[in-house]
Amino acid sequence: MGNGAKAQQKRERNAKDGKTAKSQLKVNAKAMDIQCAICKSTFLKTTRAPQLTEHASNKHSKTLTDCFPGYEA
């Protein structure tokens, strides 16, 4: 028995388990609930004020409250 047979057996064993990877993409898309009022860019709900302030000043030369009026720190 060569190494090719061992690899095939391992693939068959792993396929038998039936475990498939679950994607985080849908969950991440739902978590994007902070939106810039000017450019409509979305940010994860875990984004902190310094990152949002950086976006507002670099992209729009405005303050945090101008770009994100509903954001509570």
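First things first, this report covers the structure right here in the doc. This one's a predicted model, so the numbers in the text were calculated from it and none came from an experiment. (Residues numbered from 1 in each chain as written. Predicted model: local features only at pLDDT ≥ 70, side-chain atom pairs only at ≥ 80, totals over all residues. Heavy atoms only, no water.)

1. Observations concerning helix α3 (residues 49-60)
Moving on, step 1. When the terminal C-alpha atoms of α3 are compared, their 16 Å separation across twelve residues agrees well with the 16 Å that a helix rising 1.5 Å per residue should span.
Moving on, step 2. All buried positions along α3 are accounted for by Ala49, Leu52, His55, Ala56 and His60. Looking straight down α3, one finds its buried side chains confined to an arc of 125°; they lie on one side. Exposed side of α3, more than 90 degrees from the buried face: Pro50 and Asn58 are the residues found there. (Helix = DSSP H or I, 4+ residues; strand = E, 2+ residues; numbered from the N terminus. Expected span 1.5 Å × (residues − 1). Buried < 20%, exposed > 50% of the residue type's maximum accessible area, 1.4 Å probe, protein only. Arc of directions from axis to C-beta.)

2. Observations concerning the nonpolar core
Moving on, step 1. By size, the foremost hydrophobic cluster in this structure holds seven residues: Ile34, Cys36, Phe43, Leu52, Ala56, Cys67 and Phe68.
Moving on, step 2. For Ile34, the contacting residues outside a window of four places in its chain are Ser41, Thr42, Phe43, Leu44, Lys45, Thr47, Leu52, Phe68 and Tyr71. (Core = buried A, V, L, I, M, F, W, Y, C linked by side-chain atoms within 4.5 Å. Contact = heavy atoms within 4.5 Å.)

3. Quick look at the state of the cysteines
Moving on, step 1. With the rule as written, the count across this model stands at zero disulfides.
Moving on, step 2. With no disulfide partner, Cys36 has as its closest neighbouring cysteine sulfur the one in Cys39, 3.7 Å distant.
Moving on, step 3. Residue classification places Cys36 among the buried positions, given a relative accessible area of 0%.
Moving on, step 4. Just so you know, Cys67 is unpaired, no disulfide at all, and the nearest cysteine sulfur is the one on Cys36, 4.1 Å from it. (Disulfide = S-S within 2.5 Å.)

4. Here's the deal with unusual backbone geometry
Moving on, step 1. Positive phi values are uncommon outside glycine, yet Lys40 reaches one of about 65°.
Moving on, step 2. Inspection of the secondary structure puts Lys40 in the loop between β1 (34-35) and β2 (42-43).
Moving on, step 3. Taking the relative accessible area as the measure of exposure, Lys40 reaches 52% and is therefore exposed.
Moving on, step 4. For Ser61, which is not a glycine, the phi torsion comes out positive at approximately 55°.
Moving on, step 5. Tracing the backbone shows Ser61 in the loop between α3 and α4 (64-67).
Moving on, step 6. For Ser61, a relative accessible area of 66% corresponds to the exposed category.

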